[in-house]
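Chains, contacts and geometry: an overview
Next come the chains, spelled out residue by residue.
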Amino acid sequence: MDLSPVILSIPVYFILISFELIYTWLKRPDYYRFSDSVTNISCGVGDQLIGVFAKVFTIGIYQFIYENFRFFEIENTIFSFVVIFILADFLYYWSHRLSHEVNFLWAGHVVHHQSEEYNLSVALRQSWFHKFFTFAFYLPLAFMGFDTIAFIWANGLNLLYQFWIHTEVVGKMGFLEHFMNTPSHHRVHHGRNPEYIDRNHAGVFIIWDKLFGTFEPEKVAPVYGITTPVNSWNPVWVNVMPWTRISHEIKMMKSFKDKLKVIYKPPGWRPTSQGGTMKVPEVSRENYIKFKTVAPRTINLYIFIQYAIAIGATAFFLFQQATFNNEQRILGASLIILSIMNLGMMLERKRWSFILEFFRIIFSLLFVAYTVHGLEIFKTVLLSASGVAFFSLFWLITLSKYFKK
């Protein structure tokens, strides 16, 4: 089982999201939008699935440096853990800040900012590829002699802390605002208002922003999202789109030097010949129109049921993947990603998503049969999975009339 507190806290995430949803239901029924929340959670699902394979690279390099190049050997104590936790948060600040100030790093991080809502589900909206760049920021800890397990827990608890600050339910928190990152400070960070862009990068301690000149208090209610909305519920596309944007910007540049600058300059950079860096447009909650699609309740209910199954499969995969062989890991992760991608596309009522859904259900049944083949529970599991699959296919047929476009 993965020792990361992020994995272990998955049930807590959904419990807290449920509490926030219930609390806001009567006061602000639009606080959670079904399509947006599904996409947010789908991004989190993909991040964790890819993390199963990525840690061989990211954590593997950390472990290699620790074993072969550490300067000191730091004993694991309460004091040393407090030290690594503070240092990890300091390094997170710089990793996060540069992910806003360097275009190719922003392409990885921007996924987290795409949601036009601000609730606990947004905390789960994580990039699938960003970890491949940002892990390097933490390697000084390995050189210093903090072992891999201490780092995993320090970094995991840092991310765990940041979950609860993605809410509008909690207002300003008095004296804590002076040194801790709070919901108020982080709302600013997610705002696309010009005065809020690239502010409040802290993970746990807001003091880093105050020390290095990137702090901005919450004054007006932020408008959430990014200056160029992604306008899609497809979690695969929202992760890929930023890289296609950079590719397009590179092609726009005439000189090789400017093509390179697109990569390492801030997002929105343009040479003087093209008008200079793009300005962030003014925006207010009164005039901003959010991306939305309309689907009949029966489609949303179908997606909700299928999504609940996919989330259950994801939890089982994450907690049991150590017992799988590589083929099962790859097939299982790919099938879950196919599921969340297609369910996202069904929210947009894409015709091809309706067709692909048939194949997804059949592939899911075949994978279950392949995974449990040879076990004592084979017949029971296969019978149950077959019942769910046939019910899903029958229900899907009844939805055909809604997917004509």
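Our subject is the structure that appears above.
Residues numbered from 1 in each chain as written. Predicted model: local features only at pLDDT ≥ 70, side-chain atom pairs only at ≥ 80, totals over all residues. Heavy atoms only, no water.

Turning our attention to a nonpolar patch on the surface. A contiguous nonpolar surface patch, about 490 Å² in accessible area, is contributed by Phe34, Leu301, Phe304, Ile305, Ile309 and Val388. Ranked by residues supplied to the nonpolar patch, first place goes to helix 13 (residues 297–320) with 4 residues. On the basis of relative accessibility, which here comes to 30%, the residue Phe34 falls in the partly exposed class. (Patch = residues over 30% accessible without salt bridge, like charges linked within 9 Å, V, L, I, M, F, W, Y side chains within 5 Å. Areas by Shrake-Rupley, 256 points an atom, 1.4 Å probe, with all protein chains shown as cover. Salt bridge = Lys/Arg side-chain N within 4 Å of Asp/Glu carboxyl O. Helix = DSSP H or I, 4+ residues; strand = E, 2+ residues; numbered from the N terminus. Buried < 20%, exposed > 50% of the residue type's maximum accessible area, 1.4 Å probe, protein only.)

The next point concerns the packing of helix 15 (residues 351–372) against helix 16 (residues 378–398). At a minimum axis separation of 9 Å, helix 15 and helix 16 run at an interaxial angle of 175 degrees. Judged by the inter-axis angle, helix 15 sits roughly antiparallel to helix 16. For the pair helix 15 and helix 16, the contacting residues are Phe354, Glu357, Phe358, Ile361, Leu365, Val368, Ala369 and Val372 in the first and Phe378, Val381, Leu382, Ala385, Ser386, Ala389, Ser392, Leu393, Leu396 and Ile397 in the second. (Axes fitted to C-alpha atoms, helices over the stretch in contact; angles between N-to-C directions. Parallel < 35°, antiparallel > 145°, perpendicular 65-115°, else oblique. Contact = heavy atoms within 4.5 Å.)

Next up on the list: the pattern of salt bridges. Counted by the stated rule, this structure contains 13 salt bridges. Ionic pairing is found between Arg33 and Glu116, a salt bridge with its closest N-O pair at 3.9 Å. Of this pair, Arg33 sits in the loop between helix 2 (10–25) and helix 3 (34–69) while Glu116 sits in the loop between helix 5 (103–109) and helix 6 (131–134), and the two are 83 residues apart along the sequence. Judged on exposure class, the residue Arg33 and its partner Glu116 are both buried. Each of Arg33, Glu116, Glu117 and Lys290 takes part in one network of salt bridges that share partners.

Following the sequence through the fold, Met341 ends up in helix 14 (residues 326–347). With relative accessibility at 16%, the residue Met341 sits in the buried group. Each C-alpha atom of the pair Met341 and Val236 lies 6.1 Å from the other, and the pair is 105 residues apart in sequence. Excluding residues that lie within four positions of it along the chain, Met341 makes contacts with Asn234, Pro235, Val236, Trp352 and Leu356.

On to unusual backbone geometry. Even without glycine at this site, Asp198 takes up a positive phi of about 60 degrees. Mapped onto the elements, Asp198 comes out in the loop between helix 9 (183–190) and helix 10 (207–211). In this structure, Asn200 takes a positive phi of about 55 degrees despite not being glycine. Mapped onto the fold, Asn200 is located in the loop between helix 9 and helix 10. Judged by relative accessible area, Asn200 falls into the buried class, the value being 0%.

Turning our eyes to something else, we now look at helix 9. Summarising burial for helix 9: 8 of the 8 residues are buried, a large majority. Among all positions in helix 9, only Pro183, Ser184, His185, His186, Arg187, Val188, His189 and His190 are buried. In this fold, the buried residues of helix 9 make contact with helix 4 (78–101) and helix 5.

Let us now look at the packing of aromatic side chains. Applying the stated criterion across every chain yields a total of 28 aromatic pairs. Between Phe57 and Phe132, the ring centres sit 6.2 Å apart and the planes meet at 40 degrees, which makes this aromatic pair tilted. Of this pair, Phe57 sits in helix 3 while Phe132 sits in helix 6, placing them 75 residues apart in sequence. Look at Phe57 and you get partly exposed, because its relative accessible area is 38%. With relative accessibility at 31%, the residue Phe132 sits in the partly exposed group. Between Tyr138 and Phe151, the aromatic rings sit 5.5 Å apart at their centres with planes inclined by 50 degrees, giving tilted as the arrangement. Highlighted residues: Tyr138 in the loop between helix 6 and helix 7 (139–144) and Phe151 in helix 8 (residues 148–163), separated in sequence by 13 residues. According to the relative accessible area criterion, Phe151 is buried, its value standing at 7%. (Phe/Tyr/Trp six-rings, centres within 6.5 Å; stacked < 30°, edge-to-face > 60°.)

Turning our eyes to something else, we now look at the nonpolar core. Buried together is how nonpolar side chains tend to be arranged in soluble globular proteins. Residues Leu49, Tyr302 and Phe317 are the most contacted members of the largest nonpolar core, which totals 51 residues. Elements with a minimum of two residues in this core: helix 1 (5–8), helix 2, helix 3, helix 11 (235–252), helix 13, helix 14, helix 15 and helix 16. Excluding residues within four positions of it along the chain, Phe317 makes contact with Leu49, Val52, Phe324, Gln328, Arg329, Gly332, Ala333 and Ile336. In this structure, Ile84, Phe135, Ala142 and Ala150 belong to the second largest nonpolar core, which totals 16 residues. (Core = buried A, V, L, I, M, F, W, Y, C linked by side-chain atoms within 4.5 Å.)

Relative to the helices and strands, Gln306 is located in helix 13. Ignoring any residue separated from it by four or fewer positions in sequence, one finds Gln306 in contact with Leu343, Glu357, Arg360 and Ser392.

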